[in-house]
Amino acid sequence: MSSEDKPAPSTYAPFAQQIASVVAEWLPGYAEQIDSGSFPAEVSALETDARAMAHLIEESEAVGVNAELPRLIKAMADRSIAAGHGGEQYPVLIEEFGKPRDA
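Residues numbered from 1 in each chain as written. Predicted model: local features only at pLDDT ≥ 70, side-chain atom pairs only at ≥ 80, totals over all residues. Heavy atoms only, no water.

A.B. asks: What am I meant to see in the overall build of the chain here?
C.D. replies: The number of helices and strands found in the chain is four helices and zero strands. Computed over the C-alpha atoms, the radius of gyration of the chain is 16 Å, more than 25% above the 13 Å expected from 2.2 N^0.38 for a compact globule of 103 residues. When the backbone C-alpha atoms are referred to their principal axes, the chain occupies close to 50 × 30 × 25 Å. Buried positions account for 21% of the 103 residues belonging to the chain. (Helix = DSSP H or I, 4+ residues; strand = E, 2+ residues; numbered from the N terminus. Rg over C-alpha atoms; globule rule 2.2 N^0.38 Å. Buried < 20%, exposed > 50% of the residue type's maximum accessible area, 1.4 Å probe, protein only.)

Okay, here's the thing in structure tokens:
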């Protein structure tokens, strides 16, 4: 896709603002889960979210969008699922962020 074919960033801004507002509504509940160290799947389980992440990666790559960030988050989700957290909610990924990575 050439730069002439791409929509202007300003056309994306209202959508991004709406998504950011929705995500902001989740933050207090996510913070409570992180504070308590308990991540019940009240909305969806990480296993379900990981399938959606895989679809996002596939579709992004199919249209030529850089999928590096979604692949990183999916890899973290996969590690969390492998560690037995697949039935918990998305904020359980905070545990992956806190783990040191090998150099």
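A.B. asks: Whenever I open this one, helix H3 (residues 68-85) confuses me. Can you help?
C.D. replies: Three- or four-residue spacings in an α-helix give side chains the same orientation, since the helix completes a turn every 3.6 residues. For H3, the full list of buried residues reads Ile73, Lys74, Met76, Ala77 and Ser80. Across the axial projection of H3, the buried residues extend over an arc of 160°, all falling on one side. Seen from the open side of H3, the exposed residues pointing more than 90 degrees away from its buried face are Glu68 and Ala82. (Arc of directions from axis to C-beta.)

A.B. asks: For this particular structure, what's the right way to read the nonpolar core?
C.D. replies: Within soluble globular proteins, side chains that are nonpolar generally end up buried alongside one another. Core analysis: the biggest nonpolar cluster contains nine residues, these being Phe39, Leu46, Ala50, Met53, Ile73, Met76, Ala77, Val92 and Leu93. Breaking this core down by element, the ones donating at least two residues are helix H2 (46-62) and H3. Not counting residues within four places of it along the chain, the set of residues in contact with Ala50 comprises Lys74, Ala77, Asp78 and Ile81. (Core = buried A, V, L, I, M, F, W, Y, C linked by side-chain atoms within 4.5 Å. Contact = heavy atoms within 4.5 Å.)

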